[in-house]
Amino acid sequence: MNNFLNQLRVPSRFEQADNAFWQNPYIAKQLLKAHLNSDNEGASRSFSFIDKSIDFIQQIAPQKSYQKVLDLGCGPGLYCERLAKKNYTVTGIDFSENSIRYAQEQAKKLNFDIDYRYENYMELNDSNNYDLALLIYCDYGALAPVDRSKLLFNIWNSLKNGGQLLLDVFSQNKFDQFKEEQYWSLNENGGFWSKDSYVAIGRNLKYPDRVTLEQTTVVTKDKMETYNIWHQYFTKELLIKEVTAVGFTVKEIYDDVSGQTGNGGSETIALLLEK
Ligand SMILES: C[S@@+](CC[C@H](N)C(=O)[O-])C[C@H]1O[C@@H](n2cnc3c(N)ncnc32)[C@H](O)[C@@H]1O
C-alpha cells in the first residue's frame, strides 16, 4: 500500500518515473501503430500535414544547398523517407528500437539509402556534419531545462557553419487548453498500456511556469508501473532566450513546421535557426 501511495504522489518538475514510455517494448508497438495511422496524431502528425511540412522544408532548405539532413527522434521514418525521395542525404536517430527496425526494413523495401541509427539523441556526438537538423513534434519541450540546453548544444555542434535547425514546441495557447483531471479505467482485455488486463490511474497536472505532467499508473495482476510525460510550453520570448543562449541565430518564427504564420491561436511555435 505504501508503494502504491508513493507511486501516486505528486512528483517534482521533470522527475522521471522508473519506466521509459517510448522504449517499453509493448508500448513501443502501440506507438508504432499510432505513428503509421494518419488519423491518430498521438505520435506523429497526419500524413497530409507531414507532406505540407516536407514542401516547406524544401523551400527553407533546398536540397542543392542543404544536402545532409539529420532527423532527431525520427520514429518510423515518416519525414526521412519523404526527404530521401526528394534526394536529400538523410540520417535518422531514434531510441525506440522497434521504430528504427521498422524504418530500416521500409528503407530496404523502398530502396532508400537512409542511415537509421538506434541511439539516444542526448548522446549525439557528431561534429560539423549536417546542413539541416529537424526536431519535430514538440520533443524539445518534453525535456528538463538542463537536458534542453545539452541537446541544443549537441545539435549546434553537429551542424556545419550556416547549417539550420527546424524545431517546434507547444505554445501558451496549448497550455491554456490543458485541463487538469484525475481518472481511472478498467481494461479487462488489455489495451494501450499492457497486453494483460489492467487498471489505469491517470492524472493531468499543471505546474507553474507552463509545465504539465500527464501521469499514468498501470496496475496489473503482477505489477504496478508509473509513466510520467512532461511538457514545457513556451512563449516566443522564452524559446528565443533558450536557443540564442546556445549560439543559434533566429532566422524565422512560424506557427508550425509547415510554415503557417499569422494564426494567433496556434498550438505550436516553430523556429528556423541558423548556426
Ligand atoms: C512525438 S514522436 C515524433 C516522431 C517524429 N519526429 C514525427 O514527427 O513523426 C517522438 C519520437 O522521438 C523519439 N525520442 C524521444 N526521446 C528520444 C531520445 N532521447 N533519443 C532518441 N529518440 C528519442 C521517440 O522514440 C519517438 O519516436
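Residues numbered from 1 in each chain as written. Predicted model: local features only at pLDDT ≥ 70, side-chain atom pairs only at ≥ 80, totals over all residues. Heavy atoms only, no water.

### Digging into the overall build of the chain
Each helix and strand counted, the chain has eight helices and eleven strands in total. Each of the three principal axes of the chain carries a C-alpha extent, and together these read 60 × 45 × 35 Å. Relative to its 275 residues, the chain shows a buried fraction of 51%. Expressed as a percentage of contacts within the chain between residues at least 6 apart in sequence, the contacts between residues at least 24 apart total 65%. Summed over all atoms, the accessible surface of the chain reaches about 13600 Å², with 47% contributed by carbon and sulfur. (Helix = DSSP H or I, 4+ residues; strand = E, 2+ residues; numbered from the N terminus. Buried < 20%, exposed > 50% of the residue type's maximum accessible area, 1.4 Å probe, protein only. Contact = heavy atoms within 4.5 Å. Areas by Shrake-Rupley, 256 points an atom, 1.4 Å probe, with all protein chains shown as cover.)

### Focus on helix α8 (residues 236-246)
Within the sequence span of α8, burial applies to L239, E242, V243 and V246. Buried residues of α8, seen end-on, are gathered within an arc of 90 degrees and therefore sit on one face of the element. Residues E237, K241 and A245 are exposed on α8 and point more than 90 degrees away from its buried face. Those residues of α8 hidden inside the fold are in contact with α6 (145-158), β5 (159-170), β10 (249-254) and β11 (268-274). (Arc of directions from axis to C-beta.)

### Side note on the site of the ligand
By nearness alone, 16 residues border the ligand, and S44, G73, D94, N120 and Y121 come closest of all. G73 is positioned such that a nitrogen or oxygen atom in its backbone is 2.8 Å from a nitrogen atom of the ligand. For the ligand, whose unbound accessible area comes to 600 Å², protein coverage reaches 95%. Taken together, the residues of the shell around the ligand sort by class into seven nonpolar, six polar and three charged. (Near = heavy atom within 4 Å. Polar contact = N/O pair within 3.5 Å; in protein donor to acceptor, adjacent residues only side chain to side chain. Nonpolar A, V, L, I, M, F, W, Y, C, P; charged D, E, K, R; others polar.)

### Comments concerning the sheet that holds strand β7 (residues 198-207)
Here four strands make up an open sheet; going across it, the order is β6-β7-β8-β9 and the pairing antiparallel. Only two strands of the sheet have a single partner each, and these edge strands are β6 (181-187) and β9 (224-232). Across the sheet, the axes of successive neighbouring strands diverge by a mean angle of 15 degrees, strand direction being ignored. Of the pairings in the sheet, the one linking β6 to β7 comprises seven bridges and is antiparallel in character. Within β7, the position partnered with S185 by the bridge is A200. (Pairing = 2+ DSSP bridges. Axes fitted to C-alpha atoms, helices over the stretch in contact; angles between N-to-C directions.)

### Examining the UniProt feature "domain: Methyltransferase" (unreviewed entry) in the chain
Here, UniProt's "domain: Methyltransferase" (unreviewed entry) annotation points to residues 69-163. This span, residues 69-163, is 38% helix and 26% strand, and a straight line between its end C-alpha atoms measures 10 Å. (UniProt positions renumbered as here; feature names shortened; annotations may be inferred.)

### Considering the packing of α6 against α8
The axes of two packed helices give the description: the angle between them and the distance between them. It is the contact of α6 with α8, at a shortest axis distance of 9 Å, that shows an interaxial angle of 50 degrees. Here α6 is positioned oblique relative to α8, judged by the angle of their axes. Pair α6 / α8 crosses with right-handed handedness. Packed against α6, whose contacting residues are R148, S149, L152, F153 and W156, the element α8 presents E242, V243 and V246 at the interface. Looking at the contact of α6 with α8 residue by residue, the classes come out as five nonpolar, one polar and two charged. (Parallel < 35°, antiparallel > 145°, perpendicular 65-115°, else oblique. Left-handed = near helix turned anticlockwise from the far one by under 90°.)

### Examining the pairing of strand β4 (residues 130-135)
Counting buried positions along β4 yields six of six residues, so the element is predominantly enclosed. By the bridge criterion, five bridges tie β4 to β5 in an arrangement that is parallel. Considered in β5, the bridge of L135 is made with L167. In this fold, the crossover linking β4 to β5 by way of α6 has right-handed handedness. (Right-handed = clockwise from strand over helix to strand, strands pointing away.)

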